[in-house]
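Residue-level listing of the chains:
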Amino acid sequence: MTSFCSTATACVAALTLAGLTGCVTTDMQMGSAGAKTMATGAAAGGATDGASSQLERCPAPLGTVSLIENQQAGWYTILRNEYRLPPTANLLRLLIQQSNCFVVVERSAAGMGAMTRERALMQSGEMRQGSNMGAGQMVASDYGLSPEVIFRNNNAGGMGAGLGGIVGGGRGALLAGLAGSLNTKEASTMLTLIDNRSGVQVAASEGSASKIDFGAVGSLFGGSGGGGLGGYSNTAEGKVIAAAFMDAFNQMVRALRNYKAQSVQGQGLGGGGRLGVDGAAAPSQTFAPGARGAAGMSMRDAQARLNQLGYNVGTPDGAAGGRTTAGLRAFQKDRGIAQTGRLDAATQAELAKQ
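Note that the structure is a prediction, hence the values are computed from the model and not measured. (Residues numbered from 1 in each chain as written. Predicted model: local features only at pLDDT ≥ 70, side-chain atom pairs only at ≥ 80, totals over all residues. Heavy atoms only, no water.)

Caption draft 1: Spotlight on the packing of aromatic side chains. Summed over all chains, the structure comprises 3 aromatic pairs. Between the aromatic rings of Phe102 and Tyr143, the centroid separation amounts to 6.0 Å while the plane-to-plane angle is 75 degrees, which identifies the pairing as edge-to-face. On the criterion of sequence distance, the pair formed by Phe102 in the loop between α3 (88–99) and β4 (103–104) and Tyr143 in strand β5 (residues 143–155) is long-range, its members being 41 residues apart. Take Phe102: its relative accessible area is 6%, and that puts it in the buried class. Pairing Tyr311 with Phe331 gives two aromatic rings, centres 5.7 Å apart and planes at 90 degrees, and the pair type is edge-to-face. Taken as a pair, Tyr311 in the loop between α8 (299–308) and α9 (322–335) and Phe331 in helix α9 lie far apart in primary sequence, 20 residues in all. Taken as a pair, Tyr311 and Phe331 share a single burial class, namely buried. (Phe/Tyr/Trp six-rings, centres within 6.5 Å; stacked < 30°, edge-to-face > 60°. Helix = DSSP H or I, 4+ residues; strand = E, 2+ residues; numbered from the N terminus. Buried < 20%, exposed > 50% of the residue type's maximum accessible area, 1.4 Å probe, protein only.)

Caption draft 2: Layout of the state of the cysteines. In total, this model carries 1 disulfide according to the counting rule given. Note that Cys58 is cross-linked by a disulfide to Cys101, the S-S spacing being 2.0 Å. Between Cys58 and Cys101, the S-S dihedral sits near 85 degrees, and the bridge is therefore right-handed. Here Cys58 is found in the loop between β2 (47–49) and β3 (64–67), whereas its partner Cys101 is found in the loop between α3 and β4, with 43 residues between them in sequence. With relative accessibility at 12%, the residue Cys58 sits in the buried group. (Disulfide = S-S within 2.5 Å.)

Caption draft 3: Main features of the packing of α9 against helix α10 (residues 345–353). It is at 11 Å that the axes of α9 and α10 come closest, and there the two elements cross at 75 degrees. Judged by the inter-axis angle, α9 sits roughly perpendicular to α10. Between α9 and α10, the residues in contact are Leu328, Phe331, Gln332 and Arg335 and Thr347, Glu350 and Leu351, respectively. Residue composition of the contact of α9 with α10, by class: 3 nonpolar, 2 polar and 2 charged. (Axes fitted to C-alpha atoms, helices over the stretch in contact; angles between N-to-C directions. Parallel < 35°, antiparallel > 145°, perpendicular 65-115°, else oblique. Contact = heavy atoms within 4.5 Å. Nonpolar A, V, L, I, M, F, W, Y, C, P; charged D, E, K, R; others polar.)

Next up, the structure:
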């Protein structure tokens, strides 16, 4: 006769049923390993305790960072209302401080409200003497870190039906129920790092994690068993989200170790770009008033120099109009360089020689 625990799945069923019906009581356990996520331990300044060994670390902070969490996004609604999880900023704060890659500064509505309240109390005269909460003490946020979560939950109900048909009878029904409750919790996360001074995106990364659990086992037996495992199901989803965020953060840190600032030739960032519209020259190749090229010559200076050399381009105003373009082409032709009609590096170099 085949025993009930003849398969691994049946063993899980037996142990689960025993655990739910045995009314076992245990003492409170602090620091339980089973309750921890990838964001574990503590951080105090540059010191850490109990941090995950999988977390990437930096020898020195790269700057200050604040967390930007879009609480109106659909993923945040799921996180808060369906999974009953706290803001992602809470676990990201811990990961970031433990990594020593950035110094976290407070910019949340609640945190800023608390600081404003303390300043109001000081101004009211209610604080004891020497409690300096005045202006000029807040630290600027160099960067803003924005998180996003994409959820996915694969249910193994089809496998449950198959197991039920193979075993048959009451045992088959139990196995079908257990396998049907087998879920693969998956989460994909995105992190975007923005330079707060320029608004330029500095880095972006994606992370993912998955975990298989029997999140709905309690529903098979009803009563307090199902209610007790409901919290475990939420915890499992929280763990996989934390792991996905650590994966995204680790990848961002590894990319930042080899960071190289992006640059646009010509006027630089925000100078118009290099993509021309409707056949016209790209804005970054038609220098604005006062803008300087690679050789350090502004359009106004170039116009003045062209006038001195006999290429009449009109009053130097820094604008690359038709007369200036024609004068540049004539000068370039005489000097044997590419006739672009633009104040490019080769033209600047030739003008500087004259």
